[in-house]
Amino acid sequence: MSLNDTHLNRQLDLEEIGREMFELVTELFPLCRSITGDGNRATLRRLKRYIPLTLHEVPSGTKVFDWTVPLEWNVRDAFIKNARGERIVDFRQSNLHVVNYSIPIHQKMSLTELKPHLVTLPEHPDWIPYRTTYYKPTWGFCLTHRRFLELSEGEYEVCIDSSLEDGHLTYGEYYLSGEIPDEILISTHICHPSLANDALSGITVAAFLAKRIASLPRRYSYRFLFIPATIGAITWLCLNESKVSQIRHGLVLTGLGDTKPLSYKRSRQGEAEIDRVAVHVLQQLQQDAKILDFSPYGYDERQFCSPGFNLPVGRLSRAIHGTFPEYHTSADNLAFVRPHSLAKSLSICLDILWMLEQNRAYLNMNPKCEPQLGSRGLYRLTGGLSSDPELAQLAVLWVLNLSDGDQTLLDIAERSKLSFDLMLRAANALEECGLLERRAHGQNSGRAFASGPTKADE
Ligand SMILES: [Zn+2]
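Residues numbered from 1 in each chain as written. Predicted model: local features only at pLDDT ≥ 70, side-chain atom pairs only at ≥ 80, totals over all residues. Heavy atoms only, no water.

A. Expanded view of the coordination of the zinc ion. The zinc ion binds to the protein through H192 (NE2), D198 (OD) and H328 (NE2); the donor distances cover 2.0 to 2.1 Å. Motif for the zinc ion, donor spacing along one chain: H-x5-D-x129-H. Taken as a pair, D198 in helix 5 (residues 196-214) and H328 in the loop between strand 16 (313-317) and helix 9 (339-358) lie far apart in primary sequence, 130 residues in all. For D198, a relative accessible area of 4% gives the class buried. (Donors = N, O, S within 2.8 Å, 3.2 Å for Na, K, Ca; no water. Helix = DSSP H or I, 4+ residues; strand = E, 2+ residues; numbered from the N terminus. Buried < 20%, exposed > 50% of the residue type's maximum accessible area, 1.4 Å probe, protein only.)

Encoded structure:
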């Protein structure tokens, strides 16, 4: 089996793989991750069971473009105790209770002094919000609004046993070489603590994708990044600028475990091959899929698509961040993520990568008028193209007509409004009987007759 196998994804046992993926999400869920710290190392080390990830450590204080790698944050415990010494807010029950990157504190204070440091969600009184303070040295607690309303006047013992010290920003990288050095970049963020969909679903889909791609022969090289959002992407881009020119296509993966339809956000280029492939795959497979235009807001596509890089990197998600109530709250929990959604997201990623692998240009070796298909045995060959013989013939005619050495199968699929899959099967049949010749990668122009048969004849 290889990426050349058109049935790659149909061989996925979605139920079985969904179970395995959900197990990983469940295992990673309790770890307290952030943009730096031991929770990230522990997360990445667990991924090593699936793929031989390399862990990189970038020292605090490293200048990365306009940013600086921050001090490393770790938290061991945190609580608010009432006058009776009871933990009424307890980090050990949920790591969302501590505003991520809170500076250490241990003191007694009145409710009036405490209140400005408390965050709740009055509209969802049983949920704990998720908040961060990466670049502002302060501290805070997040709690349910119901618990907040129970707080009475009196003295509270407030403790955040955290450290902010010179350390490292940790990220994971996995590079897989292919036939050509041109790369497909898959990036996912690892910086969220106990949130199942935001971060963990992306990490899981990326890890399973990497494992599967590693087992298959491939044309492209692949680079998988497991990085803290924003500062991680900025750090990687700054330290690896020389590698960026190899990136031909890329996907940011996040929020892929909920039950909403898939959504694809276009790269800044808008019509890059990855954009067209993702749109084609989503529209073929999911009637309700959403296609979003690029905007400079969201996840790490913001950095990859910043004007100085302008990489062809889009984003694949399900529910769109910020548009659903569970976003960045304790309701983004294990019940919010479904094994089937994870597996289906993986399968669609494989479909997208498979199409990128297969998309190439061919040259019609018999461009002057239509070839006599019957005498070349093509009717026999096209028998397997489609159960509809007229459709099969139409596919063959489109591929023959537009295979000028320049236009790819995706170009032909878009223009003919037929599926890429059908175009590929037609091209394979035509290649087999000598009517098409495959163009090597990057050889899409040259001997083309795109400018017209007269010129090609000269
Ligand atoms: Zn988030």
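B. View of the side chain of D198. Of the side chains bearing the opposite charge, R315 lies closest to the buried D198, which forms no salt bridge; the N-O distance is 9.2 Å. Among the polar contacts made by the side chain of D198, one reaches the side chain of H328 at a distance of 2.9 Å. (Lys, Arg positive; Asp, Glu negative; His and termini not counted. Salt bridge = Lys/Arg side-chain N within 4 Å of Asp/Glu carboxyl O. Polar contact = N/O pair within 3.5 Å; in protein donor to acceptor, adjacent residues only side chain to side chain.)

C. Region of the structure containing the sheet that holds strand 6 (residues 105-110). Read across the open sheet, the four strands follow the order 5-4-9-6; overall the sheet is antiparallel. Because the sheet does not close on itself, it has two edges, and the strands there are strand 5 (87-90) and strand 6. Neighbour to neighbour, the strand axes of the sheet diverge by 20 degrees on average, direction disregarded. Inspection of the sheet shows strand 4 (residues 72-81) paired to strand 9 (residues 155-165) by nine bridges, in the antiparallel sense. By the bridge assignment, I80 is partnered in strand 9 with V158. (Pairing = 2+ DSSP bridges. Axes fitted to C-alpha atoms, helices over the stretch in contact; angles between N-to-C directions.)

D. Representation of the pairing of strand 5 within the structure. Bridging between strand 4 and strand 5 involves three bridges; their strand directions are antiparallel. Its bridge partner lying in strand 5, F79 is registered against D90. From the end of strand 4 to the start of strand 5, which pair antiparallel, there are five residues, and G85 there has a positive phi angle of about 80 degrees.

E. Focus on the sheet that holds strand 1 (residues 54-59). Here we have eight strands laid out as an open sheet, ordered 1-10-12-11-13-16-14-15, and mixed in their pairing. Here the strands that pair on one side only, and so sit at the sheet edges, are strand 1 and strand 15 (290-292). Each strand of the sheet is rotated relative to its neighbour by a mean of 20 degrees, with strand direction disregarded. As defined by bridge partners, strand 1 adjoins strand 10 (residues 168-176) across six bridges and the pair is classed as antiparallel. Counted as the bridge partner of T54 is E173 from strand 10.

F. Geometry of unusual backbone geometry. Positive phi is not limited to glycine here, since F65 has a value of about 50 degrees. Locating F65 in the fold gives a position in the loop between strand 2 (63-64) and strand 3 (67-68). Among the residues examined, F65 registers a relative accessible area of 44% and is labelled partly exposed. Backbone geometry at T230 places phi at a positive 60 degrees, although glycine is not the residue there. Within the secondary structure, T230 is located in the loop between strand 12 (221-227) and helix 6 (231-239).

G. Spatial organisation of the packing of aromatic side chains. For the structure shown, the criterion picks out twelve aromatic pairs. Ring centres of F65 and F309 lie 5.9 Å apart, and the angle between their planes is 65 degrees; this geometry places the pair in the edge-to-face category. A residue pair is termed long-range when its members are at least 10 positions apart, and F65 in the loop between strand 2 and strand 3 and F309 in the loop between helix 8 (301-304) and strand 16 qualify at 244 residues. Look at F309 and you get buried, because its relative accessible area is 18%. Here the aromatic rings of W67 and Y135 are separated by 5.6 Å at their centres, their planes lie at 75 degrees, and the arrangement is edge-to-face. Taken as a pair, W67 in strand 3 and Y135 in the loop between strand 7 (118-119) and strand 8 (141-142) lie far apart in primary sequence, 68 residues in all. Clustering of aromatic rings is evident, with ring pairs tying together W67, W73, Y101, Y134 and Y135. In this structure, K81 is placed above the aromatic ring of F79, and the distance from its NZ or CZ to the ring centre is 4.7 Å. (Phe/Tyr/Trp six-rings, centres within 6.5 Å; stacked < 30°, edge-to-face > 60°. Lys NZ or Arg CZ within 6 Å of the ring centre and 35° of its normal.)

Function cannot be read off these values alone, since they describe shape.
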